[in-house]
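Tertiary structure, described
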Amino acid sequence: MIKQDNAEDIVRRATTAFNAGRHGEAVELCEHGLARQPGEPMLSHLLAAVLFARGEIAPARKHVETSLARRPDNAAARLLAARLARSSGEFGAALTHLDRAIALKPHRDAFVEKARTLELAGRRAQAREAWEAIRKAIPEHQEANAQLGRMAWEDGDLAGAARLLERATASAAPASVWFDLGVAKQDLRDHDGAACAYRKAIEIRPDYAEAALNLGIVLQESGELDAAMQAFARAYALRAQLFGSIAMALTSAPHGRLWLDERALRAALEHDPEKCEAVFRNDHAPTKG
């Protein structure tokens, strides 16, 4: 039996349940509270947040809109509404909520969310300005450095991209950021730095087939043919569709090998894939900015 608590008590109990991983209990508490107090803004906001965490976007949007109808100047609810709109691809609506949230209560999360939304909306110049503003306020902001590094690489500024991505990897970073650093280093012909970055990406995400493929390429370009073959074998084991890319790399690089028999190459890639693991050990500290 749920106690006849007021909205504040229910919010506290539901929040405790949610933080403990009891999402169903949190939903039940909010729904019971709303049955007694329809449209109550705190309960509607919290229920929307719990549903969003569960991936239930449509009902979450309905409840956050109910909350905002009662309290339109709630910055936190505006931010949640923006995230929900962005997840549905409604970038204009998301930006409207974000601008209102920032006007009400300037907060780092809202600025970061706006930069992400601008980028997803294809408004690249505005997204770059937003990420630059974040990095100016917080020079070591990982996501800002990572996104600006990728943009610099896309613009052909390889040295700038590498510097930004090295900053992004100065603290714990996802595999995708290490991969981007590897690509920038590879394009700069820094094979050792690229190999280190790709190994780190694979250490974080062992199923990262593209990182294994690129590791094989940079090892081959460094003349480490046996290690390159081990990396290619790992990539092939993870994703057989990469065979064409592997074959092209092996026959086109300065230190490549000529494979005239496709079956022989497939057999070589399939031989003892377990032995490939040694290539991916992070035996040396990764390069950092």
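Residue indices follow the written sequence of each chain, beginning from 1 at its first position. The model is predicted, so local features are restricted to residues of pLDDT at least 70 and side-chain atom pairs to those at 80 or more, both for listing and for counting; the totals for chains, interfaces and linings are taken over all residues. Working from all heavy atoms in the structure, the side-chain values ignore hydrogens and water.

A few words now on the overall build of the protein. Counting its secondary structure elements, the protein contains 16 helices and zero strands. The contact rule is simple, with two residues in contact once any of their heavy atoms fall within 4.5 Å. Contacts in the protein between residues at least 24 apart in sequence constitute 51% of all its contacts with a sequence separation of at least 6. Note on areas: Shrake-Rupley, 1.4 Å probe, and residue coverage restricted to the protein chains presented here. With the model as given, the accessible surface of the protein reaches about 14,600 Å², and the carbon-plus-sulfur share is 51%. Each helix is a run of H or I in the DSSP string that is no shorter than four residues. Each strand is a run of E no shorter than two, and both are numbered from the N terminus.

For salt bridges, the criterion is a side-chain nitrogen of Lys or Arg within 4 Å of an Asp or Glu carboxyl oxygen. Using the criterion set out here, one finds 22 salt bridges in the structure. For Arg22, the salt bridge goes to Glu25, with nearest N and O atoms at 2.7 Å. When a residue's accessible area, from a 1.4 Å probe over protein chains only, is under 20% of the maximum for its type it is buried; when over 50% it is exposed; and in between it is partly exposed. Judged by its relative accessible area of 38%, Arg22 is partly exposed. A salt bridge links Arg54 to Glu56, with the shortest nitrogen-to-oxygen separation between them at 2.9 Å. Looking at Arg54, the relative accessible area reads 39%, which means it is partly exposed. Classification of Glu56 as partly exposed rests on a relative accessible area of 29%. Here the residues in one salt-bridge network are Glu119, Arg124, Arg128, Arg150, Glu154 and Asp155, joined through shared partners.

It is worth spelling out helix α3 (residues 41-53) at this point. Counted at 1.5 Å a residue, the expected span for α3 with its 13 residues is 18 Å, and the 18 Å between its end C-alpha atoms agrees. When α3 is considered as a whole, its buried residues turn out to be Pro41, Leu43, Ser44, His45, Leu46, Leu47, Ala48, Val50 and Leu51. In the core, the buried residues of α3 are packed alongside α1 (7-19), α2 (23-36), α4 (57-70) and α5 (75-87). Polar contact is the term for a pair of N or O atoms within 3.5 Å; when the atoms are in protein, one must be able to donate a hydrogen and the other to accept it, and sequence-neighboring residues count only if both atoms are side-chain atoms. Its side-chain oxygen 2.9 Å from the backbone nitrogen of Met42, Glu40 forms the N-cap of α3. Positive phi appears at Gly55, one or two residues downstream of α3, with a value of about 80°. Each helix should span, by expectation, one fewer than its residue count multiplied by 1.5 Å.

Between the rings of Phe, Tyr and Trp (Trp by its six-membered ring), a pair exists once the centres lie within 6.5 Å; its type follows the angle of the planes, with under 30 degrees stacked, over 60 edge-to-face, and the other angles tilted. Using the criterion set out here, one finds three aromatic pairs in the structure. Where Phe179 meets Tyr198, the ring centres are 5.6 Å apart and the plane angle is 55°; that geometry is what we call tilted. Linking Phe179 in helix α11 (residues 175-187) with Tyr198 in helix α12 (residues 191-204), this pair joins segments that are 19 residues apart in sequence. This pair shows no difference in class: Phe179 is buried, exactly as Tyr198 is.

For the pair α3 and α5, the least separation of the axes is 11 Å and the interaxial angle reads 35°. For the pair α3 and α5, the crossing hand works out as left-handed. From α3, His45, Ala48, Ala49 and Phe52 reach across to α5, where they touch Ala76, Ala77, Leu80, Arg83, Leu84 and Ser87. Of the residues assigned to the contact of α3 with α5, the class counts are seven nonpolar, two polar and one charged. Helix axes are fitted to C-alpha atoms over the stretch in contact, other axes to C-alpha atoms as well, and angles between N-to-C directions run from 0 to 180 degrees. Handedness of a helix crossing follows the sense of rotation of the near helix relative to the far helix, less than a right angle counterclockwise being left-handed and clockwise being right-handed. Under the scheme applied, nonpolar residues are Ala, Val, Leu, Ile, Met, Phe, Trp, Tyr, Cys and Pro; charged residues are Asp, Glu, Lys and Arg; polar residues are all the others, including Gly.

Okay, helix α9 (residues 142-154) next. Helix length check: α9 (13 residues) gives 18 Å between terminal C-alpha atoms against 18 Å at 1.5 Å per residue, within 8%. For α9, the elements touching its buried residues are α7 (108-120), α8 (124-137), α10 (158-168) and α11. Gly156 lies just past α9 and shows a positive phi near 90°.

Soluble globular proteins: nonpolar side chains tend toward being buried together. Residues enter a nonpolar core if they are buried and are Ala, Val, Leu, Ile, Met, Phe, Trp, Tyr or Cys, with the set joined through side-chain atoms within 4.5 Å. One finds Trp131, Tyr198, Leu215, Phe232, Ile246 and Leu269 to be the most contacted residues of the largest nonpolar core, which totals 63 residues. Here the element with the most residues in this core is helix α13 (residues 209-221); it accounts for eight residues. Excluding its chain neighbours within four sequence positions, the residues that come into contact with Leu269 are Met229, Phe232, Ala233, Tyr236, Phe243 and Ile246. Counting 23 residues, the second largest nonpolar core, distinct from the first, contains Ala14, Leu46, Ala60 and Leu84.

A word on the environment of Ala93. With respect to the element layout, Ala93 can be found in helix α6 (residues 91-104). A relative accessible area of 29% places Ala93 in the partly exposed class. The spacing of Ala93 and Arg83 is ten residues in sequence and 9.9 Å in space, taken between C-alpha atoms.

pLDDT expresses, on a scale from 0 to 100, how confident the predictor is about each individual residue. Residues at a pLDDT of 70 or more form 90% of the protein, whose mean pLDDT is 90. Counting interchain partners and residues more than four positions distant, the pLDDT-below-50 stretch residues 273-289 has 34 contacts.

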